[in-house]
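So the chains spell out like this:
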Amino acid sequence: MSDIQSSSPEQRPDPSSPTPRMRRARVAVWIYFFISGMIMAAWAARVPAVKAQAGLNDGQLSIALLGLALGALAAMQVAGRMVDRFGSAANVLPAAFFGSLALIAPGYANSLPFLFVALFAVGFGHGMIDVPINVHAARIQRSYGRPIMASFHAAFPIGGFVGAGIGGLAAYVELSAAATFWIVSVALALLSLVVRRGLLPGRDAAAESDAERPPERRRRLLPDVPPRVVLLGAVAFCCMLAEGSATDWATVFLHDSRGASGALAAAGFSVFSGMMACGRLVGDRLAARFGAVRIVRVGAVTAAVGLGAGLVVPSAAVGVIGFGLMGAGLSCVIPQVFTAATSHDPRRAGRNLGFTAAMGYTGLLSGPVTIGAVAHSSSLAVALAIPLLLALLIALAAGRLRAADTVRRADLAVT
């Protein structure tokens with residue numbers, strides 16, 4: 001049965017005329033994605049100040065950052081079950097409110113244990129936000145009857161850009177990290193309260209009733225995880241490992257292996273990020289016209305070709321272009337993977353998405369470490385062949401994303 005079929009008027013797609021309620025819900029969820037990006041970027045911009053305040057060296061800081069990762073991974077499992085039980089709308093506001101205020105704690109860290117616990121809280125808040133907003137975004141997408149998920153995910157880097165700008169300005173005027181976090185936290189907490197009324201009421205499971213789909217009885221590869229969701233998690237792992245590799249190693253590769261100046265090397269990551277944001281801004285139209293399977297497959301191949309050119313051609317300029325193609329190619333993978341995870345069985349969308357997102361974040365966190373370890377024993381160029389191979393694996397697995405094509409080609413009127 002198609003994932004867009006519904007027993008309620010709210011969930012019957014009419015791509016030509018989304019209702020005002022649907023538009024308000026879309027804006028509200030977009031803002032929550034923006035809030036999530038702001039929180040993480042505001043923290044990242046003041047890391048040097050917090051590090052100095054707590055008296056940490058680089059090794060101790062890496063241990064503290066582990067708290068951020070562990071908090072996010074733990075929260076995604078809790079959030080998934082809460083979303084399935086109470087609905088995404090009921091979880092978005094408390095998650096966003098907690099996530100916003102949790103940002104205050106690192107501003108007062110004066111030791112490694114303090115900062116570890118504070119960052120665990122920030123990571124937990126981020127994970128609690130991530131699951132319900134993606135489930136609610138998928139619910140809105142079903143109501144629209146056409147792909148709009150990538151536009152939501154574009155809000156995260158936009159929020160990150162704004163948050164980084166605010167953090168950088170605060171550092172420039174020598175505002176303390178605590179004061180910066182207070183200003184950002186209170187503003188985002190208030191914003192989360194204001195936009196809450198735009199969310200759709202009711203339960204997400206109404207998208208597909210028990211009568212329409214009987215309880216799944218197939219063998220599961222992991223406890224409480226359907227085989228197809230395991231595969232989606234593997235795709236998310238591959239994609240976000242590749243993203244993490246570019247984030248931490250693009251600049252180093254261009255500077256050390258291609259002889260780029262500091263400015264040109266920094267441009268490599270900037271172009272990667274910019275092309276990823278641009279890809280997500282146009283990703284919905286591409287998905288509506290060509291389908292999730294095709295854009296993920298073509299995008300993954302594009303990422304592999306771009307990165308491969310940068311690794312083979314001994315030119316810094318080609319390297320920058322290659323990382324740009326990598327960002328554009330990977331930009332639409334996660335939105336489509338998350339859509340497929342929530343569409344597989346809407347009654348357990350939270351748990352499915354929680355598992356998929358946790359797999360993705362595991363890749364994001366392990367990627368830079370893996371690349372560094374391989375580079376230490378061989379070379380950075382050889383190590384960066386790992387995300388290239390993973391991009392090709394994504395292309396091979398793209399056929400499993402067919403459920404993300406929530407609308408038939410005959411209905412795809414892109415306005």
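About the cut-offs
- Residues numbered from 1 in each chain as written.
- Predicted model: local features only at pLDDT ≥ 70, side-chain atom pairs only at ≥ 80, totals over all residues.
- Heavy atoms only, no water.
- Helix = DSSP H or I, 4+ residues; strand = E, 2+ residues; numbered from the N terminus.
- Buried < 20%, exposed > 50% of the residue type's maximum accessible area, 1.4 Å probe, protein only.
- Contact = heavy atoms within 4.5 Å.
- Axes fitted to C-alpha atoms, helices over the stretch in contact; angles between N-to-C directions.
- Parallel < 35°, antiparallel > 145°, perpendicular 65-115°, else oblique.
- Nonpolar A, V, L, I, M, F, W, Y, C, P; charged D, E, K, R; others polar.
- Left-handed = near helix turned anticlockwise from the far one by under 90°.
- Patch = residues over 30% accessible without salt bridge, like charges linked within 9 Å, V, L, I, M, F, W, Y side chains within 5 Å.
- Areas by Shrake-Rupley, 256 points an atom, 1.4 Å probe, with all protein chains shown as cover.
- Salt bridge = Lys/Arg side-chain N within 4 Å of Asp/Glu carboxyl O.
- Core = buried A, V, L, I, M, F, W, Y, C linked by side-chain atoms within 4.5 Å.
- 1 Å grid on protein atoms, 1.4 Å probe; cavity = no way out; pocket = protein on both sides within 12 Å on 5 of 7 lines; lining within 4 Å.
- Points joined across faces, edges and corners; volume = space filled by probe spheres on them.
- Phe/Tyr/Trp six-rings, centres within 6.5 Å; stacked < 30°, edge-to-face > 60°.
- Disulfide = S-S within 2.5 Å.
- pLDDT = per-residue confidence, 0-100.

## A look at the overall build of the chain
Part 1: The helix and strand inventory of the chain stands at 15 helices and zero strands.
Part 2: For the chain, buried positions account for 53% of its 415 residues.
Part 3: For the chain, long-range pairs separated by at least 24 residues make up 86% of all intrachain contacts whose partners lie at least 6 apart in sequence.

## Describing unusual backbone geometry
Part 1: Positive phi, normally seen in glycine, also occurs at E174, with a value near 60°.
Part 2: As for its placement among the helices and strands, E174 is situated in the loop between α6 (149–172) and α7 (177–195).
Part 3: Residue classification places E174 among the exposed residues on the basis of a relative accessible area of 71%.

## Brief notes about the packing of helix α1 (residues 20–45) against α7
Part 1: With their axes 10 Å apart at the nearest point, α1 and α7 run at an angle of 170° to one another. Judged by the inter-axis angle, α1 sits roughly antiparallel to α7. Note on element contacts: α7 touches α1 through F181, V184, L188, L191, S192 and V195, opposite A28, I31, Y32, I35, M38, I39, A42 and W43.
Part 2: Of the residues contributing to the contact of α1 with α7, the split by class is 13 nonpolar, one polar and no charged.

## Examining the packing of α1 against helix α5 (residues 112–144)
Think of two packed helices as two axes; the pair is described by the angle between the axes and how far apart they sit.
Part 1: Between α1 and α5, the least distance of the axes is 10 Å, while the angle of their chain directions is 160°. Taken together, α1 and α5 sit at an angle that is classed as roughly antiparallel. Considering only the axes of α1 and α5, their crossing is left-handed. Here α1 contributes M22, R23, A25, R26, V29, Y32, F33, S36, I39, M40 and W43 to the contact with α5, which in turn contributes L115, L119, V122, H126, I129, I133, N134, H136, A137, I140, S143 and Y144.

## Details of a nonpolar patch on the surface
Part 1: Together, F97, L101, Y108, F114, W182, V186, L190 and L193 make up an exposed nonpolar region whose accessible area comes to about 700 Å².
Part 2: Of all the secondary structure elements, the ones that give two or more residues to the nonpolar patch are α4 (88–102) and α7.
Part 3: Of the residues forming the nonpolar patch, the biggest block, four residues, is contributed by α7.
Part 4: According to the relative accessible area criterion, V186 is partly exposed, its value standing at 36%.

## Points about the pattern of salt bridges
Part 1: One pass over the full model with this rule turns up one salt bridge.
Part 2: With a shortest N-O distance of 2.7 Å, R351 and D84 are connected by a salt bridge. In this pair, R351 sits in helix α13 (residues 349–377) while D84 sits in helix α3 (residues 58–86), placing the two residues 267 residues apart along the sequence.
Part 3: Judged by its relative accessible area of 14%, D84 is buried.

## Overview of the nonpolar core
Part 1: The biggest cluster of nonpolar side chains holds 111 residues, and the ones touching the most others in it are Y32, W43, L115, F323 and M326.
Part 2: Of the residues forming this core, the biggest block, 14 residues, is contributed by α1.
Part 3: With near-sequence residues (within four places) excluded, M326 lies in contact with A242, A246, F272, A303, L307 and P387.

## What to know about the layout of surface pockets
Part 1: There is about 1800 Å³ of room inside the largest pocket.
Part 2: Lining the largest pocket are 47 residues, and of these M40, F156, T247, F269 and L364 sit closest to its centre.
Part 3: Among the secondary structure elements, those contributing two or more residues to the lining of the largest pocket are α1, α3, α5, α6, α8 (227–257), α9 (262–290), α12 (333–344) and α13.
Part 4: Looking at side-chain class alone, the lining of the largest pocket contains 33 nonpolar, 10 polar and four charged residues.

## Some details on the packing of aromatic side chains
Part 1: For the structure on display, the rule yields six aromatic pairs.
Part 2: Between F33 and F152 the ring centres are 5.9 Å apart and the planes differ by 20°, which places this aromatic pair in the stacked class. Of this pair, F33 sits in helix α1 while F152 is found in helix α6, placing the two residues 119 residues apart along the sequence. Residue F33 shares its accessibility class with F152, and that shared class is buried.

## Focus: the state of the cysteines
Part 1: Scanning all chains against the criterion turns up zero disulfides.
Part 2: Cysteine C239 is unpaired, with the sulfur of C238 as its nearest cysteine sulfur at 8.7 Å.
Part 3: Assessed through its relative accessible area of 0%, C239 is described here as buried.

## Quick notes on the environment of G163
Part 1: Relative to the helices and strands, G163 is located in helix α6.
Part 2: Taking the C-alpha atoms as reference points, G163 and V184, separated by 21 residues in sequence, lie 8.3 Å from one another.
Part 3: If near-sequence neighbours (up to four positions away) are discounted, G163 is found in contact with M38, A41 and A42.

## Side note on the environment of V29
Part 1: If you trace the backbone, V29 turns up in helix α1.
Part 2: Residue classification places V29 among the buried residues on the basis of a relative accessible area of 1%.
Part 3: In this structure, V29 is in contact with I133, H136, A137, I140, F152 and L199, ignoring residues within four places of it in sequence.

## Describing the confidence of the model for the chain
Part 1: The share of residues in the chain with pLDDT of 70 or more is 87%, and the mean pLDDT across the chain is 82.
Part 2: Long-range and interchain partners of residues 206–219, a stretch whose pLDDT sits below 50, account for 26 contacts in this model, where long-range means more than four residues apart.
Part 3: Every residue in residues 406–415 is under pLDDT 50, and counting partners more than four places away or in other chains gives 16 contacts.

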